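Observations on chain architecture
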Amino acid sequence: MKPFLTKLYDCDDEYPVDKKNGCFVIQNPCASILSATTVEWFMESIKENDIDGGVLSRFIYVYSKDKTRDDSIPEKADNTEKSMLYRSMESITNRAKGEMELEPAARKIYALWYKGFVERFERANVQYRNLFARLNIYALKISMVIETNKTGSFQISESTITEALTKVNWLMDSTTKLCTNDLAIGKHQNIEKRI
């Protein structure tokens, strides 16, 4: 399953699949997984090669040890808001065809941030470094989503890239906390972290 998901995340135009009962092709795959788990289960489930092999670098981590809400029964979703969201998504789908670019000022901001990102990446613990490997690309993808939602423009503005970079900096901090506090590779380090 890991090689299959890893390949799907590359979003090639086609992905051939060979099965016992025949061959078929997945056209324009676009994998998306949203999940949550406890730190304990996550730590027990991963293997060292999951980090080195690139599977885990395809995910964004939001780390929290604290429970921020205690809803015994969550409130029902607001149908008006849901309808607005569906209409907005449909509108974006109908008009979002083309290539997005950074405005010159946004490009300068991203280039400066990227230098700091590379420095931080190089200082990161070698065992965990690959978890940060794609965050620079996620910064651009997040900026595309924000700009599309705000204006529908194909030009990513200075304010949009700044907002996206703020979010990615937070994600880097969150991933760093996960790695520093709980992520352990190998049985010895896992026991040490628990102590």
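Structure: above.
In this report, we go over the structure that sits alongside the text. The shown structure was predicted, so the numbers you read here are calculated from the model rather than taken from an experiment. (Residues numbered from 1 in each chain as written. Predicted model: local features only at pLDDT ≥ 70, side-chain atom pairs only at ≥ 80, totals over all residues. Heavy atoms only, no water.)

Bringing the packing of helix α6 (residues 135–150) against helix α7 (residues 158–181) into the picture now. For the pair α6 and α7, interaxial distance at closest approach is 8 Å and the crossing angle is 135°. By the angle between their directions, the pair α6 and α7 is classed as oblique. As for the relative orientation of α6 and α7, their crossing is right-handed in sense. Counting all contacts with α6, which are made through Leu135, Tyr138, Ala139, Leu140, Ile142, Ser143, Ile146, Glu147 and Lys150, the residues of α7 involved are Ser159, Thr160, Ile161, Glu163, Ala164, Leu165, Lys167, Val168, Leu171 and Met172. Split by residue class, the contact of α6 with α7 holds 12 nonpolar, 3 polar and 4 charged. (Axes fitted to C-alpha atoms, helices over the stretch in contact; angles between N-to-C directions. Helix = DSSP H or I, 4+ residues; strand = E, 2+ residues; numbered from the N terminus. Parallel < 35°, antiparallel > 145°, perpendicular 65-115°, else oblique. Left-handed = near helix turned anticlockwise from the far one by under 90°. Contact = heavy atoms within 4.5 Å. Nonpolar A, V, L, I, M, F, W, Y, C, P; charged D, E, K, R; others polar.)

Bringing the pairing of strand β2 (residues 22–27) into the picture now. The pairing of strand β1 (residues 14–19) with β2 spans 6 bridges and is antiparallel. Following the sheet pairing, aspartate 18 is matched in β2 by cysteine 23. Taking the residues that link successive antiparallel strands as the turn, the β1-β2 hairpin has 2 residues. (Pairing = 2+ DSSP bridges.)

Another aspect to go through is a nonpolar patch on the surface. A surface patch of nonpolar side chains, about 320 Å² in accessible area, is lined by Ile60, Val62 and Trp170. Structurally, tryptophan 170 can be placed in helix α7. (Patch = residues over 30% accessible without salt bridge, like charges linked within 9 Å, V, L, I, M, F, W, Y side chains within 5 Å. Areas by Shrake-Rupley, 256 points an atom, 1.4 Å probe, with all protein chains shown as cover. Salt bridge = Lys/Arg side-chain N within 4 Å of Asp/Glu carboxyl O.)

This paragraph deals with the packing of aromatic side chains. Overall, the coordinates contain 6 aromatic pairs when judged by the stated rule. The structure contains a cluster of three or more aromatic residues connected by ring pairs, namely Tyr110, Trp113, Tyr114, Phe117 and Phe121. (Phe/Tyr/Trp six-rings, centres within 6.5 Å; stacked < 30°, edge-to-face > 60°.)

Per the counting criterion, the structure on display carries 3 salt bridges. Between aspartate 173 and arginine 120 there is a salt bridge whose closest N-O contact spans 2.7 Å. Placement of the pair is aspartate 173 in helix α7 and arginine 120 in helix α5 (residues 104–123), with a sequence separation of 53 residues. Judged by its relative accessible area of 36%, aspartate 173 is partly exposed. For lysine 167, the salt bridge identified is with glutamate 163, shortest N-O distance 3.9 Å. Of this pair, lysine 167 and glutamate 163 are both found in helix α7, 4 residues apart, which corresponds to roughly one turn of the helix. Taking the relative accessible area as the measure of exposure, glutamate 163 reaches 32% and is therefore partly exposed. Connected via shared salt-bridge partners are Lys150, Glu163 and Lys167. (Buried < 20%, exposed > 50% of the residue type's maximum accessible area, 1.4 Å probe, protein only.)

Another point: the side chain of threonine 175. Mapped onto the fold, threonine 175 is located in helix α7. Once residues within four sequence positions are removed from consideration, threonine 175 is found in contact with Tyr61, Leu131 and Phe132.

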